[in-house]
Amino acid sequence: MKKFELFFVYLCLNINILFPNQDLKGTIRGQVLDSENQLPLIGANILVDKSDLGTISDESGLFILENIPQGYYNISVSYIGYKLKTINDVWVRPRAQDFLSMTLDPKVLTLEAISVEESYFSKSIVNEYQSISFNNDEIRRAPGAGQEISRILNSLPSVASVGENRQDMMVRGGGPTENGFIIDNIPVPSISHFNTSDGRSNGPIGIINTEMVDNLEFYANGFSSKFGNKLSSYGDIDYRDGNNNSFEFNFGLGLGGLGSLVEGPLTSNISYIISYRKSYLNLISDLINAGGLPSYNDLQGKLTYKPNIYNTFTLLTVNGNSLYDRSVKEGISIGQGIHGKVKNNQNTIGLNHKHIWNKKMYSNTSFGFSLQNADTKLYDIVDGVGTDTLSFKNQNKIQTITFRNVNHQKVSNSHNLEYGFESLKNYTDYNFIRGNDGEFNVNQKISVLNLASFLSIKSKILNQIILSSGIRFDFNDYEKSIFLSPRINIDYKVFDRTNLIFNIGNYYQNPPEIYLSVNKNDLTSIRNIQQSLTLEHILFKDTKFSFSIYNKDYSNAPILEPDSNYIDPTFLMDQLIMYDEIVSRGKANSKGLEILLQKKRVDKFYGLIGGTYFNSLFKDFDGNEWNRNYNYKYIFNMVGGYRPNDQWEISVRWSLFGGKPYTPIDETSSSIFGTQVLYLDDFNGEKTPEYHSLFLRYERRLNLKRSNLITYIELWNAYNRENIETVFWSEELNEIAKETYFDFIPVGGFELEF
């Protein structure tokens with residue numbers, strides 16, 4: 001294996017000798033639309049910066065630029081009465097092309113002198129909430145990300161992670177179950193492959209194939225009323241349409257395994273894109289400290305039908321399977337006295353219809369169906385021998401049916417409406433056992449219906465303020481109550497390049513449904529009131545600085561009753577530990593400061609520097625404050641890249657965050673009783689050593705006779721620091737043991753485009 005890795009590294013570095021670069025040309029295709037009604041803009045000017053190349057859009061808003069020398073370009077789009085838009089870092093190469101779907105924002109004309117100012121950061125009445133966006137190429141080349149969405153988002157100051165071993169995200173002091181994702185207006189229940197019953201993930205690979213992603217908008221600083229039933233963040237993912245002009249195929253090898261993607265036209269107005277991936281994580285399980293053999297496969301596809309400019313139908317499917325297999329030997333080696341298998345299966349299929357009603361209104365309406373199957377059986381290891389004594393069983397099935405309608409209506413040049421309705425119905429069959437003596441043995445079917453309506457009024461005032469006033473009504477048939485969620489976002493233009501953004505909102509989330517399966521639990525929806533104030537300043541056309549201060553107040557969170565049979569003060573939104581006698585009386589607070597300096601790649605350099613200092617605490621029944629499980633206190637990330645030409649690029653990421661809280665272990669009592677005993681009067685009072693790690697990436701792009709080749713080498717945890725995730729009492733070793741993140745890993749990969 002090591003010889004293969006060395007050979008692969010040598011091949012990646014020297015393959016340009018075998019296949020010298022050729023002077024080839026490529027094509028840029030795209031479409032220009034009005035952002036407020038999605039109608040095509042006829043005659044828009046499309047220019048390739050620093051060249052004399054250009055064209056105009058046709059009656060469908062489509063354009064094509066041919067015979068462009070390969071390389072990276074910035075594309076400017078202008079139209080009378082609309083704001084100039086510039087797309088940076090467009091990759092032009094032979095035998096492959098990316099379709100640029102661009103929307104222009106109308107501008108309010110005044111009697112003042114008209115000026116055209118170029119900027120790569122846009123603000124709009126359509127997308128009024130502050131967000132961070134990533135396009136397909138930014139996702140692909142991110143160092144240390146392995147083309148995984150969660151690890152890319154972990155470079156942001158608002159997002160904390162638990163390292164490379166898991167897909168979990170903790171946004172502004174929140175827990176891993178507080179974040180939602182939607183793909184092409186279709187909700188997906190999870191973006192992780194290796195889900196566990198306590199709401200967390202247990203693997204480095206997510207279910208989203210980022211080769212399918214056209215764009216990701218991530219909202220951590222509050223989100224619009226069209227998103228609900230989550231407390232901390234939302235990710236809005238657009239899958240790209242298949243190439244409607246020619247057949248394309250790519251094949252790749254990366255951290256997680258092998259993957260392929262096929263796209264092309266079926267007819268003149270129907271296109272498709274399909275991807276399949278299969279892992280080889282089982283071959284590198286020791287390097288990633290998996291404690292078992294993880295494997296996965298997933299199949300995803302999108303079919304797009306455009307009968308005319310007024311209607312677009314998309315059929316989406318996202319399917320994934322994962323298996324985590326821990327042998328007796330592996331259970332002993334990591335000091336955990338259990339062995340067994342954890343299987344997960346998740347399938348989502350959905351249909352979305354975008355309809356343009358007239359010049360002032362369009363809508364998106366979707367139906368979705370998701371099926372999740374979990375099958376976990378873990379057995380005890382006693383005196384170094386695997387037994388058939390069941391320690392934990394989880395065989396849950398969840399069916400989810402969704403309907404979602406979002407309407408965008410232009411009232412005037414200064415006022416827009418966004419309104420709609422959604423429903424989500426969960427049918428869950430819970431079948432689980434915890435503990436050798438069957439401490440919990442639940443076999444119960446439950447169903448929960450959620451209904452919601454929402455309205456946002458968006459206004460431009462004096463060409464200086466973008467005001468969004470939203471309201472959301474949520475109902476679930478478990479509580480049979482209506483929850484009101486007002487939300488306000490004010491974006492005030494202080495100076496030409498400086499904005500001040502104030503945000504306040506009310507957010508609700510259903511109590512974890514696994515707790516509803518236990519009759520003794522008395523639960524209501526969790527509430528979060530979030531406030532933030534952000535200062536944004538455009539330093540240069542490609543560089544933006546922001547500073548934020550925020551506060552989040554949680555109430556009605558699930559927590560154990562003080563006179564329960566169990567003694568565990570855990571804030572259960574951080575980890576869904578199974579108990580009865582849970583009540584909705586938990587309170588928590590998270591507050592912090594964030595800075596972010598972001599430079600888009602326009603020429604040779606790009607980068608991101610972000611940091612946060614925060615404090616996330618919860619209160620027990622006696623009013624004592626304790627650290628939440630992911631109260632790292634501080635996070636700092638530096639990401640940067642340098643590309644001297646269109647043939648190669650080097651990038652780097654360095655991450656630092658404070659230690660993870662944990663409860664100290666009573667070694668003497670643990671040794672006597674043969675099981676972990678904690679000092680609960682100092683709950684989460686200790687911390688692991690701080691985490692820091694360096695990731696390096698070298699990428700090479702080559703043109704072969706019939707294909708394009710992208711090769712890369714990454715060094716994860718380049719200086720091989722031992723980063724500790726947590727500590728626990730090992731019954732096998734009869735001592736305190738530790739769980740660690742990745743060791744040093746050299747990662748090689750390639751992608752072939754045909």
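Preceding this section is the structure that the text describes.
Residues numbered from 1 in each chain as written. Predicted model: local features only at pLDDT ≥ 70, side-chain atom pairs only at ≥ 80, totals over all residues. Heavy atoms only, no water.

1. Observations concerning the environment of A452
- For A452, the location among the structural elements is in strand 25 (residues 440-461).
- It is 5.7 Å that separates the C-alpha atoms of A452 and F421, two residues lying 31 residues apart in sequence.
- Other than its neighbours up to four places away in sequence, A452 contacts G420, F421, E422, R472, F473 and D474. (Helix = DSSP H or I, 4+ residues; strand = E, 2+ residues; numbered from the N terminus. Contact = heavy atoms within 4.5 Å.)

2. Concerning the side chain of E649
- Looking at the element boundaries, E649 is found in strand 35 (residues 648-657).
- Polar contacts involving the side chain of E649 include one to the side chain of Y606, which spans 3.3 Å.
- Among the polar contacts listed, one links the side chain of E649 to the side chain of R701, at a separation of 2.7 Å.
- When residues no more than four places from it in sequence are discounted, the contact partners of E649 are R141, R601, Y606, Y642, R643, R697, Y698, E699 and R701. (Polar contact = N/O pair within 3.5 Å; in protein donor to acceptor, adjacent residues only side chain to side chain.)

3. Focus on the sheet that holds strand 8 (residues 132-135)
- One open sheet holds the five strands; their spatial order is 8-13-14-11-12, and the pairing between them is mixed. Looking at the sheet topology across the chains shown, the edges are occupied by strand 8 and strand 12 (186-188). Strand-to-strand twist in this sheet, taken as the mean axis angle between neighbours without regard to direction, amounts to 20°.
- In the sheet, strand 13 (residues 213-219) pairs with strand 14 (residues 233-239) via six bridges, with the strands oriented antiparallel. When the sheet's bridge partners are listed, L216 is paired in strand 14 with I237. (Pairing = 2+ DSSP bridges. Axes fitted to C-alpha atoms, helices over the stretch in contact; angles between N-to-C directions.)

4. A look at the pattern of salt bridges
- One pass over the structure, following the stated rule, counts 23 salt bridges.
- Measuring nitrogen to oxygen at the nearest pair gives 3.0 Å for the salt bridge that ties D542 to K599. In this pair, D542 is assigned in the loop between strand 29 (526-540) and strand 30 (543-560) and K599 in strand 31 (residues 582-599), connecting sequence segments 57 residues apart.
- You can call D542 buried: its relative accessible area is 12%.
- Taking the relative accessible area as the measure of exposure, K599 reaches 28% and is therefore partly exposed.
- One network of salt bridges, in which partners are shared, links E649, R697, E699, R701 and E714. (Salt bridge = Lys/Arg side-chain N within 4 Å of Asp/Glu carboxyl O. Buried < 20%, exposed > 50% of the residue type's maximum accessible area, 1.4 Å probe, protein only.)

5. A look at the pairing of strand 22 (residues 385-394)
- As paired strands, strand 21 (residues 361-382) and strand 22 are joined by six bridges and run antiparallel to one another. Residue pairing across strands places L378 opposite F392, the latter belonging to strand 22.
- Between strand 21 and strand 22, which pair antiparallel one after the other, the connecting turn spans two residues, and D383 there sits at a positive phi close to 55°.

6. Side note on a nonpolar patch on the surface
- Residues Y492, L500, F502, L533, L535, F547, I549, L593 and I595 make up a contiguous nonpolar surface patch of roughly 690 Å² in combined accessible area.
- Every element with two or more residues in the nonpolar patch is listed here: strand 28 (498-509), strand 29, strand 30 and strand 31.
- With respect to the helices and strands, the residue L533 is situated in strand 29. (Patch = residues over 30% accessible without salt bridge, like charges linked within 9 Å, V, L, I, M, F, W, Y side chains within 5 Å. Areas by Shrake-Rupley, 256 points an atom, 1.4 Å probe, with all protein chains shown as cover.)

7. Topic: the side chain of K458
- Topologically, K458 is positioned in strand 25.
- Owing to a relative accessible area of 3%, K458 belongs among the buried residues under this scheme.
- Of note is the side chain of K458, whose polar atom sits 3.5 Å from the side chain of E418.

8. Considering the packing of aromatic side chains
- The final tally for this structure, using the stated rule, is 25 aromatic pairs.
- Aromatic side chains F695 and W716 sit 5.6 Å apart centroid to centroid with 85° between the ring planes, which places their arrangement in the edge-to-face category. Placement of the pair is F695 in strand 38 (residues 691-703) and W716 in strand 39 (residues 708-716), with a sequence separation of 21 residues. Both residues of the pair, F695 and W716, count as buried.
- Here the aromatic cluster, defined as three or more aromatic residues joined through ring pairs, consists of Y219, F223, F227, Y234 and Y507.
- Residue placement shows R643 over the ring face of Y72; its charged tip is 3.7 Å from the ring centre.
- The residue whose ring lies beneath R697 is Y712, and the NZ or CZ to ring-centre distance is 4.4 Å. (Phe/Tyr/Trp six-rings, centres within 6.5 Å; stacked < 30°, edge-to-face > 60°. Lys NZ or Arg CZ within 6 Å of the ring centre and 35° of its normal.)

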